[in-house]
Amino acid sequence: MTKARAKAASGDAAVTLRFVGGTVEVRHLDRSRQAVLPAAAGWDERTACFRAPAAAYASVVLALSSARVPFEDQARAYSELEDPLSVRRDPRPYQAEAIAAWRSARGRGVVVLPTGAGKTHVGLLAIADRQRSTLVVAPTLDLVRQWYDLLRASFDTEVGVVGGGEHEVRPLTVTTYDSAYLHMEHLGARFGLVIFDECHHLPGPSYALAAEQCLAPFRLGLTATPERADGRDAELASLIGPTVYRKDIVELSGRYLADYETQRISVELPRAQREEYERERATYLEFVRKQGLYLGGRTGFSDFIMRASRSAEGRRALGAYRRQRELAFAAPAKLEYLRYLLGEHRGERVLVFTQDNATAYAVSRRFLIPAITHQTKVKERSQILARFSSGEYDAVVTSKVLNEGVDVPDASVAVVLSGSGSVREHVQRLGRILRPRDGKRAVLYEIVSARTSETSTSDRRREHDAYR
Amino acid sequence: MLTPDLVRARRKGRELCLRPLTAEQREEAVQLASAMIDVVTASIGGTRDEIEAALRDLSAEAGDLKLAEGLKKLVEDACVFGTEDVSGAGPELRADVFLRASQSRRRAGAEFDRGEVLGAVAAERGVSLEAIERALYADLRGAQVLSSFGPLDAERLVDDYPMAQVQAVLLRAARVTADVRCARAADYRALFHKLKFRRLLYRLEALPSGAFRLVIDGPFSFFESVTKYGLSLALLLPALLDCESLVLTADLRWGKRREALAFRFEHQRRDEAGRAAPPPSLPEEVSALLESFERLSSDWSAAPATSIIDLPGLGLIVPDLCFENRRTGEQVLMEVLGYHSREAVWRRVDLARAGLPGRLLFAVSSRLRVSEEVLDDADCAELYVYKGSMSARAVLRRLQALTSGKST
């Protein structure tokens, strides 16, 4: 046995915790003492030390302390916040209840509140409650920008941003899920509290790693729609904590959310386009039938894409699929009806949603209204949203980037020109116009190409209490 | 770099096998690559959308779509796009147009007139209405302009394609096992340096064949098989290919369903003419020391070292030479650290002080300003600081000191 190993085995060197690549290494604790550590930790032959996922940091610390094993903690790199909340706003009753429930769960859990109910304020209350350096993880750059502005205004301190070309880490930092996945193995020790906004994005093989590689003992998940089609929402309990508080749209509508109505408008395709639509759809469906594919299954569509790429006939079918979709998405009658709605709601703030960027840019060019897509840079997005908020712009068209969370309090009209069958996407889009304002009555229009597959897509996405 | 969806492979049981190009496919690939290169070369100044459409048209006609898409990706990787300097294009123009449009819509009783809004902006800027239409979204990705390309050779591109496929497969690797053999300690050191640089972890095992087995993954792999280290593993491939021989197996999580598949790949380093590369010689200064040491006629023999000293959790040493006492059989390994890294010397000093599994002699150039005395208290190691070139006699003296005065 070498001297170093003998020294470690004899317990001469201090037991040390280190954060390495999203894990916690427990060094200089003899291998025979595994029982001291929680089950998440195991002996790693590669580095001759114990290793646990960073998320188990708190339980490792508790276990060593309970066993009275002295240790040097080089893992924890987070601190107490020096700057307290500088702007305090009284929480609404349900926000106060939510934070109390989270506190009772030892600062680990998910709060479910409808869009527009002020989830971000619950986040602020959590930061103020724990006073630890905090990382906020949000799904889009728009939400990152929004959290940045809110934190900047609420705490008298600089706020860091990681993502969208920026990499500045501060005790209060905001990042995207993508950047969290990429950088958590380096950043994971620097925050005592992590807030996952729109946390239904978290479960899944990639993003879940961001939660596992972070050693923050305190975790808060915020969402309006925790349920996932793949059933992986059950993983939120282990990644963040249990659902500690929940209120749905119908419970808060009227008092805390704006009153609203939804209208579905069916428009007919012109004859030539109808014929082309039918022709292309038949080509695509014939291929699907010949291949024996079931598109309703979970992998149905990806199976179609895979088979289609293997033959000239398949490629033709894929082209036909795209064309019939294009025809349904941007039917001239839809755009004509949009023109009517923009006139009808003159003086109001209108948000137009599309399924794809091409339609968003087509609407932008035709009606000369600003478009926000994933290609729009952060500065321009901020400027567009600020002008929309101030009323300088009367309308904004967006593909999917404003689906979630982004605060557009003055929008009262939403027009869904095209979308997926996702209930969550549709509820989130409705949520954009539900921020309360005196006397506000919001309206969501859904324009659907009649007698196309859009009708059934629309039926699927309306399967939520909010639309009944 | 190719992406995993562009890999031409088939499943054979639980294994992923790359589909090699037949002679006919290779010929078709070279023709297609050549056509793509011609199209792009002729499109300098064209927009990204135009170039992508032209390349897509070429791919659509190809017999093997995946091969065509792969070549297209490699050709696109060699393109450098910039933004065309359209006067007044971008956010400022858009803001101007959209603000006027918004004001126009708000005017009570008036019908929104698109042409009127654009016409007013065009008149104010002294350009045509068409120029305003063109410039409105000229800064989008699709409107970016090809500023330079290549140089790229179709034959070379197709030759490199199989390796690009291997690299793309490794993007979905959870763990890689690499049996490597290098002719020089320096090559091993370079490989371990790359592993450390990529923040990968490994287990090392000496194989009876004289090669070493490296099981490579990352810290979090201890808990679950994750493809998070796939990019690092893919980027490590060139360093692995620099080894004289490589047998690589990878545990993959393949496809949308992340199916567990195995992948195997073998490689022998070859010279430009395709012959197996001759074993590289020792570094010049080590070679010179070896020769002069043999002329000393001492009790010690010297030969290039074939071992690696791995101390998990502590560090790794790749010796250059192994000295053996002909009478007693005692061995001393020597690592020549030269004059490149003072930090590397201090790491060795720490290891020596902590204890080593054998006797080690570290040779360090005096240019690194390290004193031999720093290792006086270590039983198993000596530091030899040399000025200019290493002396065989000085090395012999230290071997004798290590085996007579010091013991492990």
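By convention here, each chain's residues receive numbers from 1 onward along its written sequence. Here the convention is simple: chains get letters from A, ligands get numbers from 1, in the order in which they are written. Where totals are concerned, whole chains, interfaces and linings use all residues; where local detail is concerned, this predicted model gives features only for residues with pLDDT of at least 70, and gives and counts side-chain atom pairs only at 80 or more.

**Quick notes on the overall build of chain A**
Worth spelling out the cut-off: Put simply, DSSP marks the helices as runs of H or I at least four residues long and the strands as runs of E at least two long, and each gets a number from the N terminus on. Here exposure depends only on C-beta density: within 10 Å of a residue's C-beta, 20 or more other C-beta atoms make it buried, 12 or fewer make it exposed, and intermediate numbers make it partly exposed, the C-beta atoms being placed from the backbone. Each residue gets a C-beta atom placed from its backbone, and two residues are in contact if those atoms lie within 7 Å.
Broken down by element type, chain A carries 17 helices and 19 strands. A buried classification covers 49% of the 468 residues belonging to chain A. Long-range pairs, those at least 24 residues apart, make up 73% of the contacts in chain A between residues at least 6 apart in sequence.

**A few points about the interface of chain A and chain B**
Note the following rule: Any residue that is not Ala, Val, Leu, Ile, Met, Phe, Trp, Tyr, Cys, Pro, Asp, Glu, Lys or Arg is counted as polar, Gly included; the first ten are nonpolar and the last four charged.
Taken together, the contact pairs 36 residues of chain A with 38 residues of chain B. Mapped by element, the contributors of at least two residues to the side of chain A that touches chain B are helix H1 (3-10), strand E3 (42-44), strand E4 (49-53), helix H14 (357-367) and helix H15 (378-390) of chain A. Ranked by the residues each element gives to the side of chain A that touches chain B, the list is headed by E4 of chain A, at three residues. Across the side of chain A that touches chain B, the residue classes tally to 13 nonpolar, 12 polar and 11 charged.

**Concerning the packing of helix H1 (residues 23-41) of chain B against helix H7 (residues 154-170) of chain B**
Two packed helices can be described by the angle between their axes and the distance between those axes. Residues and elements named next belong to chain B. The test is simple: Note on geometry: axes are C-alpha line fits, over the in-contact stretch for helices, and angles between N-to-C directions span 0 to 180 degrees. Here is the rule for angles: anything less than 35 degrees is roughly parallel, anything more than 145 is roughly antiparallel, 65 through 115 is roughly perpendicular, and the remaining ranges are oblique. Two helices crossing with the near one rotated counterclockwise from the far one by less than a right angle form a left-handed crossing, whereas a clockwise rotation gives a right-handed crossing.
It is the contact of H1 with H7, at a shortest axis distance of 8 Å, that shows an interaxial angle of 125°. Taken as axis vectors, H1 and H7 run oblique relative to one another. The interaxial crossing formed by H1 with H7 has right-handed handedness. Facing Arg-26, Ala-29, Val-30, Ala-33, Ser-34 and Ile-37 of H1, the residues of H7 in contact are Ala-154, Glu-155, Leu-157 and Val-158.

**Observations regarding the environment of Ala-330 of chain A**
Summarising the element assignment, Ala-330 of chain A is placed in the loop between helix H12 (312-329) and helix H13 (332-344). For the pair Ala-330 of chain A and Arg-76 of chain A, spaced 254 residues apart in the sequence, the C-alpha separation amounts to 53 Å.

**Some remarks on the environment of Phe-388 of chain A**
All names here are of chain A. Relative to the assigned elements, Phe-388 resides in helix H15. A residue is classified by how many C-beta atoms lie within 10 Å of it, and Phe-388, with 23 of them, is buried. Measuring from C-alpha to C-alpha, the distance between Phe-388 and Trp-102 comes to 35 Å, with 286 residues separating the pair along the chain.

**Thoughts on helix H4 (residues 91-106) of chain B**
This is how the line gets drawn: Helix span is expected to be 1.5 Å times the residue number reduced by one. The directions considered for the arc are those from the helix axis to the C-beta atoms.
With 16 residues, H4 of chain B should reach 22 Å at 1.5 Å per residue; the first-to-last C-alpha distance of 22 Å fits that figure. Taken together, the buried positions of H4 of chain B are occupied by Leu-93, Arg-94, Val-97, Phe-98, Ala-101, Ser-102 and Arg-105 of chain B. Along the axis of H4 of chain B, the buried positions cluster into a sector of 155°, meaning they face one direction only. Here the buried face of H4 of chain B lies against H13 of chain A together with helix H5 (114-125) and helix H6 (129-135) of chain B.

**Details of the nonpolar core**
Test applied: Only buried residues count toward a nonpolar core: Ala, Val, Leu, Ile, Met, Phe, Trp, Tyr and Cys, linked into one set through C-beta atoms within 7 Å.
With 176 residues, the main nonpolar core has Val-24, Val-60 and Val-111 of chain A as its most contacted residues. No other element matches the seven residues that H7 of chain B contributes to this core. Ala-371, Ala-414 and Leu-417 of chain A together with Ala-135 of chain B belong to the second largest nonpolar core, which has 47 residues in total.

**Focus: helix H9 (residues 230-241) of chain B**
Note: α-helices contain 3.6 residues per turn, so residues at a spacing of three or four share the same orientation. Residue and element names in this part refer to chain B. The end-to-end C-alpha distance of H9 is 17 Å, a good match for the 16 Å that 12 residues give at a rise of 1.5 Å each. Within the sequence span of H9, burial applies to Gly-230, Ser-232, Leu-233, Ala-234, Leu-236, Leu-237 and Leu-240. Those residues of H9 hidden inside the fold are in contact with H7, strand E5 (173-181), helix H8 (185-197), strand E7 (212-217) and strand E8 (245-254).

**Observations regarding the sheet that holds strand E11 (residues 193-197) of chain A**
As a general point, the strands of a sheet are linked pairwise by backbone hydrogen bonds and lie either parallel or antiparallel. Residue and element names in this part refer to chain A. So the rule is basically this: A pair of strands counts as paired when DSSP detects no fewer than two bridges linking them.
Read across the sheet, eight strands follow the order E9-E8-E10-E7-E11-E12-E6-E13 without closing on themselves; strand pairing throughout is mixed. The open sheet has two edge strands with one neighbour each: strand E9 (166-168) and strand E13 (243-246). Recorded for the sheet is a direction-independent mean angle of 20° between the axes of neighbouring strands. Alignment of strand E6 (residues 108-112) against E13, held across three bridges, turns out to be parallel. Counted as the bridge partner of Val-112 is Arg-246 from E13.

**A short note on the domain arrangement of chain B**
Our working rule: Those domain boundaries reflect an automatic or database domain assignment.
Annotation of chain B at the domain level lists domain 1 (4-83 + 144-162), domain 2 (91-138), domain 3 (171-268) and domain 4 (284-404). Put simply, the middle of domain 1 of chain B and the middle of domain 4 of chain B, counted by C-alpha atoms, are 51 Å apart.

**Here's the deal with the sheet that holds E4 of chain A**
Residues and elements named next belong to chain A. In spatial order, the strands read E3-E4-E2-E1-E5; together these five strands make up an open sheet with mixed pairing. The outermost strands of the open sheet, each flanked by one partner alone, are E3 and strand E5 (71-73). If you compare each strand with its neighbour and ignore which way they point, the axes differ by 35° on average. Where E3 meets E4, three bridges bridge the pair, whose relative direction is antiparallel.

**Notes on the confidence of the model for chain B**
We apply this condition: The pLDDT score gives, residue by residue, the confidence of the prediction method on a 0 to 100 scale.
In this model, chain B carries a mean pLDDT of 88, and residues with pLDDT of at least 70 account for 94%. Both scores are given for the predicted complex: the pTM is 0.74, the ipTM 0.70.

**Examining the pairing of strand E15 (residues 359-365) of chain B**
Residue and element names in this part refer to chain B. Applied cut-off: If the strands point away from the viewer and the path from the first strand over the helix to the second runs clockwise, then the crossover is right-handed.
Burial of E15 is extensive: seven of the seven residues sit out of reach of the surface. The side-chain alternation of E15 yields two buried faces, one formed by Arg-359, Leu-361, Ala-363 and Ser-365 and the other by Leu-360, Phe-362 and Val-364. Note: strand E14 (residues 331-338) against E15, six bridges, orientation parallel. In the sheet register, Leu-333 faces E15, and the bridge partner there is Leu-360. A crossover connection joins E14 to the parallel E15 through helix H11 (residues 342-354); in handedness this β-α-β unit is right-handed. Alignment of E15 against strand E16 (residues 381-386), held across six bridges, turns out to be parallel. Bridge pairing in E16 links Phe-362 to Leu-383.

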